[in-house]
There are 2 protein chains.
Amino acid sequence: MSLIVQKYGGSSVADAESIRRVAKRIVDLKRQGHDLVVTVSAMGDTTDDLIELAHEISPIPDPREFDMLITTGERISMALLAMAIKSMGYDARSYTGSQAGMITDARHGDARIVDVTPVRVREALDEGAIAIVAGFQGFNRDTRDITTLGRGGSDTTAVALAAALDAERCEIYTDVDGVFTADPRMVPKAHKIDMISSEEMLELAGSGAKVLHIRAVEYARRQNVTLVVRSSFSNDPGTIVYQPDYAKEHQVEAPTIAGVAHDLSQAKITVVGVPDVPGSAAAIFNLVAQQGANIDMIVQNVQTQNDGVTDISFTLPKASADQVLRAIEAARDELGYESLRFDDQICKISLVGAGMRTNIGISATLFEALRDAGINVDMISTSEIRISIVTSAGMASRATKVIHTAFGLDGDSEAVVYAGTGR
Amino acid sequence: MSLIVQKYGGSSVADAESIRRVAKRIVDLKRQGHDLVVTVSAMGDTTDDLIELAHEISPIPDPREFDMLITTGERISMALLAMAIKSMGYDARSYTGSQAGMITDARHGDARIVDVTPVRVREALDEGAIAIVAGFQGFNRDTRDITTLGRGGSDTTAVALAAALDAERCEIYTDVDGVFTADPRMVPKAHKIDMISSEEMLELAGSGAKVLHIRAVEYARRQNVTLVVRSSFSNDPGTIVYQPDYAKEHQVEAPTIAGVAHDLSQAKITVVGVPDVPGSAAAIFNLVAQQGANIDMIVQNVQTQNDGVTDISFTLPKASADQVLRAIEAARDELGYESLRFDDQICKISLVGAGMRTNIGISATLFEALRDAGINVDMISTSEIRISIVTSAGMASRATKVIHTAFGLDGDSEAVVYAGTGR
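All figures in this text were calculated on a predicted structure; none of them were measured in a lab.

Draft legend 1. The arrangement of the side chain of A:Asp263 in detail. Residue and element names in this part refer to chain A. Within the secondary structure, Asp-263 sits in strand β13 (residues 259-263). No salt bridge forms around the buried Asp-263; measuring N to O, its nearest opposite-charge neighbour Lys-348 is 4.9 Å away. Side chain to side chain, Asp-263 and Ser-265 meet in a polar contact 2.6 Å long. Those residues in contact with Asp-263 that lie beyond four places of it in its chain are Ser-207, Gly-208, Ile-346, Cys-347 and Lys-348.

So this is what it looks like as C-alpha cells:
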C-alpha cells in the first residue's frame, strides 16, 4: 500500500465548504487503498488577520510570541479537516508541528528543519488513520518553543514528511492546475507542463515563478522526493516535478526548454565612476552584504575610454533597495565613486531548460527574437540551464510573449488565469 | 517577593485595546515587586466563532479535534498579551496548557486536572519574567492529546496554578466589581461583598450566582487558595473569597448573611398518585438518574387522606426536563402513578450565610417576610448555611428584593449592572 503526502494551501481550505470538498478528495484517495498524510495551511486570510492583530498590539511583535500566535491558523484548519474526514466515516487525527516531530532550529519566523521524527504520524498510519499535520510550524528541542518555517513553510513541511516517511510522492495542492510555461496572466497562451525536472523547477522558482517555493523544491531535490503540483479545484493530473532517479526509472524524455519566468520584484542600482582598481567592487558588495541584501545580477561595464573609472550595476530586491542606497551614499568617500543611479522599473525574464546544456543556438534564438521585437536588453546572466535578461518593466509582457513564442511554447488554448497560492 | 496568579476573562481581553489595558495593569503590579502568573481566556467571541465553524463542518464534531480547535482561542490571547507586556519593556512568556504542565485525564471537553507540574512557569518566574498561561486547556499523558476543562475551565486553571505555585492569592478578573449580595439586575440595591467564606461562595455559586464557577471555588477550597474576584475595568479591590486559615489569620468577622441568589434555570416535575409503598420513590429517582439529570430539590407530600398514594415533586435543570418526562411516561406501568405535572416557570431563591449555624430565627424572618409580601412558597430545602425556596418565576424579582431587604442587605447606592463573564 503506497503512502502519499498531500499539502493543501490556504485557498483550498478557505471555508467550511472548501474543507469538506478537500476532505472528500482525501477520502476518495483513501478508498483507493492509499495511506495518507495531509499537511494544511491556515484557512484563507486567517494568518493575515492574526498578523494584523499582532501589529495592533506592537509594531515589532516578540518573535517567540508571534510564532505562538500565527501557528494557531494551521491548528484551526487541521482540526476542522480532521473533523470533516471523521464525519465521512474515516479515521483521521490532526497533529501540530511538535506532535508530528518537525524539529527545527530556534530561529523564530524562519526556522530550519533539523530533524523529522513523525512517530505519532506513523502510529496513526499503522492504525489505518489519515494523519493531518499542521504545515509551516515546528518545535525547537532546546528552547521547547514553537517555531515557524517562514515563506513556503507548509510546502516544506509536506516535503519533509514525504522524505521522512519515504512516501511515493508529495502532492502540493494549490489553486492552479500545475506549473506553466509562463505566467498565464502575462502569456495567455502559456500551457501547463506535464513533467519538469526539479533542477529546472529550481531555476524557474528562483526566477520568479510563484507556484512552488524554491525552498521546498530544494528540499525535495536533496531528499529525492517526487513532487506533484496540482489544483484542488480540478481533476487535472497537474505537473510532476521529478528527480534524477525518477527520470531514469520512467525514461522521461524532457523537452529542451521548460518555460519562461518573469520577476518584477527587483530593482537596479548603478554605481557610476568607480575607481577601476582591485578591490573597489569587493568594497561595494561587502557593503551591500552588510545590509543583508541579496544581489542577483552584476554587470561591470567595460571601460570605454581609459579614464581609470568604471560603472558597476547590480540588481537586488526592491524591498532592500532603500537601505542599500543609503549605505552606499554614506560610504561615498571611501568608495570614491562619482554618482549613483537607481531604477526600480525593471523586469528580469528567464528562459529555463535542461536542454540548453546540449542544444546550441538557444541564446542566439533568444536575442534574435528580442531584437526583432525591438526589445532592449539591459543586463544578462546565465546558468547551465538558464538565460536571464533584464529589460524595462514596461516591456515585461511583450518580451515574455515573444520569448514564449520563439521557443514554441505557445499552447493552442488559453490557460486558466493564474492566482497566487497560499503559503 | 509574593507570587500572585491572575485570571482575565474573555471580556477583559476582547480586543487589542483591552489587551493593552490588561497588560498595563499587569506591568503596574510587577513594578510593585510581585511575581506574576497570568491565565487568560479566549478573546471575546473567539470560542463561539470556532464552535460555530466546527458545527458547519460536522453536527457532532470529533471531541479530540474539537479540543484541538477551540484551544487555539486561548493561544491567541495569551500570545498577544505576552507581546503587549514585552512591548512595555517587561519580560513575558506565554505557555500552552501542556507547556505549563496542566495534566488532565483524557475526557475531552470536560477533562479533570490530575496533576500540575508548572516547571517552565517556575523557570520563567525565576528569571524574572511574567508567565502567561492559556486557560481552559490541559494535556493527557497517555494519549498525548490536548484536552479542555469544560465550563469555568479558565478559573480552574488559575486556581490550580495558584495552588501548585503556592501563590499568595488568585485574582479572578471579570467585568463586575466582585461578588454581590444579589444579582444587581434584579436587586438594584444589592451591594458588593468585601469578604465571603469559600463555604458561602460555594453555596451561592451552587444556587445560581454566576460570577464564579463552583468548580473553581471547590478547587480553591480543597487547596486552601485565597480568591479575589474583581473587575479589570475598575480599581475596586473586589471580593475576597477566603479559606478557614485566612479567616483565623486575619480574624475575619463575617456577617450572619452573605447574600441572596436566584436560579431561573430549573423546572419542576410532580409525579401524582404514586403508590405509597417502600421503594416507589427510589424507582422514580433511579429512572431520573439513568437520564443523567441532576435532581436539586425533592418534596414528598404528606398523605392527606389514607388512600395509599402520595405525590412526589422534584426540581431539575430545564435542559434535561424533556428527556426525563419522556422516561417517566414510558415507565408509567412499572411506576403505577396517576399523572404527571410539569412546571418550567419556577424560580429558586436561596439565602446563604454562615451565621445561620449560630443565629436562630433566620428562617422565621425569611418566611415572615415572604408571607407579608404575599409570596407563596412551593418547595423548601436547606443546608447548614443555606435556605432555598421555590416560588413562581413571576415572583422572582419581588421575592429576592423582599428577602434582600428583610436581612438588611440593601446598600445605599445602586450597583453597577451585572453582565455575564467569560469562561
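Moving on from the coordinates now.
Draft legend 2. Focus on the interface of chain A and chain B. In this complex, chain A contributes 41 residues to the contact, which on the side of chain B involves 41 residues. If you sort the residues of chain A by the area they bury against chain B, A:Ile57, A:Arg75 and A:Met83 come out on top, with a joint share of 22%. Measuring nitrogen to oxygen at the nearest pair gives 3.0 Å for the salt bridge that ties B:Arg144 to A:Glu123. There are 18 residue pairs in polar contact (both at pLDDT 80 or more) connecting chain A and chain B. Mapped by element, the contributors of at least two residues to the side of chain A that touches chain B are α1 (16-31), α2 (46-57), α3 (63-70), α4 (72-87), β3 (92-95) and α5 (119-126) of chain A. Considering every element that reaches the side of chain A that touches chain B, the biggest residue donor is α4(A), with 11 residues. Along the lines of polarity and charge, the residues of the side of chain A that touches chain B split into 21 nonpolar, 8 polar and 12 charged.

Draft legend 3. Broad picture of the sheet that holds strand β20 (residues 386-392) of chain B. Residues and elements named next belong to chain B. One open sheet holds the 4 strands; their spatial order is β13-β18-β20-β19, and the pairing between them is antiparallel. Either end of the sheet is taken by a strand with one partner, and the two such strands are β13 (259-263) and β19 (379-383). Ignoring strand direction, the axes of neighbouring strands in this sheet form an average angle of 20 degrees. Sheet topology places β19 next to β20; 5 bridges connect them, and they run antiparallel. When the bridges of β20 are listed, Ser-381 appears paired with Ser-388. Its contacts with the sheet put helix α7 (residues 198-206) on β13, β18 (346-352), β19 and β20, and the angle it makes with β18 is roughly 175 degrees. The sheet strands contacting helix α14 (residues 396-406) are β13, β18 and β20, and the helix crosses β18 at an angle near 15 degrees.

Draft legend 4. Region of the structure containing the pattern of salt bridges. Residue and element names in this part refer to chain B. Under the counting rule described, the total for this entry stands at 58 salt bridges over all chains. Between Asp-145 and Arg-64 there is a salt bridge whose closest N-O contact spans 3.0 Å. In this pair, Asp-145 is assigned in the loop between β7 (137-139) and β8 (146-148) and Arg-64 in helix α3 (residues 63-70), connecting sequence segments 81 residues apart. The exposure class assigned to Asp-145 is buried, which follows from its relative accessible area of 10%.

Draft legend 5. Looking closely at unusual backbone geometry. Residue and element names in this part refer to chain A. Positive phi, close to 50 degrees, is recorded for Asp-166, a residue that is not glycine. Assignment of secondary structure puts Asp-166 in the loop between α6 (153-164) and β9 (169-174). On the accessibility criterion, Asp-166 (66% relative accessible area) is exposed.

Draft legend 6. Examining the pairing of strand β12 (residues 239-242) of chain A more closely. All names here are of chain A. Here 3 bridges tie strand β10 (residues 195-197) to β12, and the two strands are oriented parallel to one another. By the bridge assignment for β12, Met-195 is matched with Ile-240. Pairing of strand β11 (residues 227-231) with β12, which is carried by 3 bridges, proceeds in the antiparallel orientation. Bridging from a neighbouring strand, Val-229 pairs with Thr-239 of β12.

Draft legend 7. Structural detail: the sheet that holds strand β19 (residues 379-383) of chain A. All names here are of chain A. The sheet built from 4 strands is open, its strands ordered β13-β18-β20-β19 with antiparallel pairing. Of all strands in the sheet, those with a lone pairing partner are β13 and β19, marking the two edges. In this sheet, neighbouring strand axes are inclined to one another by 20 degrees on average, regardless of whether the strands run parallel or antiparallel. Taken together, the 5 bridges between β13 and strand β18 (residues 346-352) define a ladder with antiparallel strand orientation. Its bridge partner lying in β18, His-262 is registered against Ile-349. In this fold helix α7 (residues 198-206) packs onto β13, β18, β19 and β20 (386-392), with an angle of close to 175 degrees to the strand it touches most, β18. Each of β18, β19 and β20 touches helix α13 (residues 362-372); the most contacted strand, β20, lies at about 15 degrees to it.

Draft legend 8. Representation of the relation of the copies chain A and chain B within the structure. When chain A is brought onto chain B, the operation consists of a screw motion whose angular component is 179 degrees and whose axial shift is 0.1 Å, with 0.2 Å RMSD remaining. On the angle and the small slide along the axis, the relation comes out as a two-fold axis. The rotation axis passes nearest to the C-alpha of A:Thr72 in chain A, at a distance of 2.9 Å. Looking at the interface residues of chain A, 100% of them are also at the interface in chain B, so both copies use one shared face.

What counts, and at which threshold
Residues numbered from 1 in each chain as written. Chains lettered and ligands numbered in written order. Predicted model: local features only at pLDDT ≥ 70, side-chain atom pairs only at ≥ 80, totals over all residues. Heavy atoms only, no water. Helix = DSSP H or I, 4+ residues; strand = E, 2+ residues; numbered from the N terminus. Buried < 20%, exposed > 50% of the residue type's maximum accessible area, 1.4 Å probe, protein only. Lys, Arg positive; Asp, Glu negative; His and termini not counted. Salt bridge = Lys/Arg side-chain N within 4 Å of Asp/Glu carboxyl O. Polar contact = N/O pair within 3.5 Å; in protein donor to acceptor, adjacent residues only side chain to side chain. Contact = heavy atoms within 4.5 Å. Buried area = accessible area lost by both parts, 1.4 Å probe. Nonpolar A, V, L, I, M, F, W, Y, C, P; charged D, E, K, R; others polar. Pairing = 2+ DSSP bridges. Axes fitted to C-alpha atoms, helices over the stretch in contact; angles between N-to-C directions. Least-squares fit on C-alpha atoms with pLDDT ≥ 70 in both.

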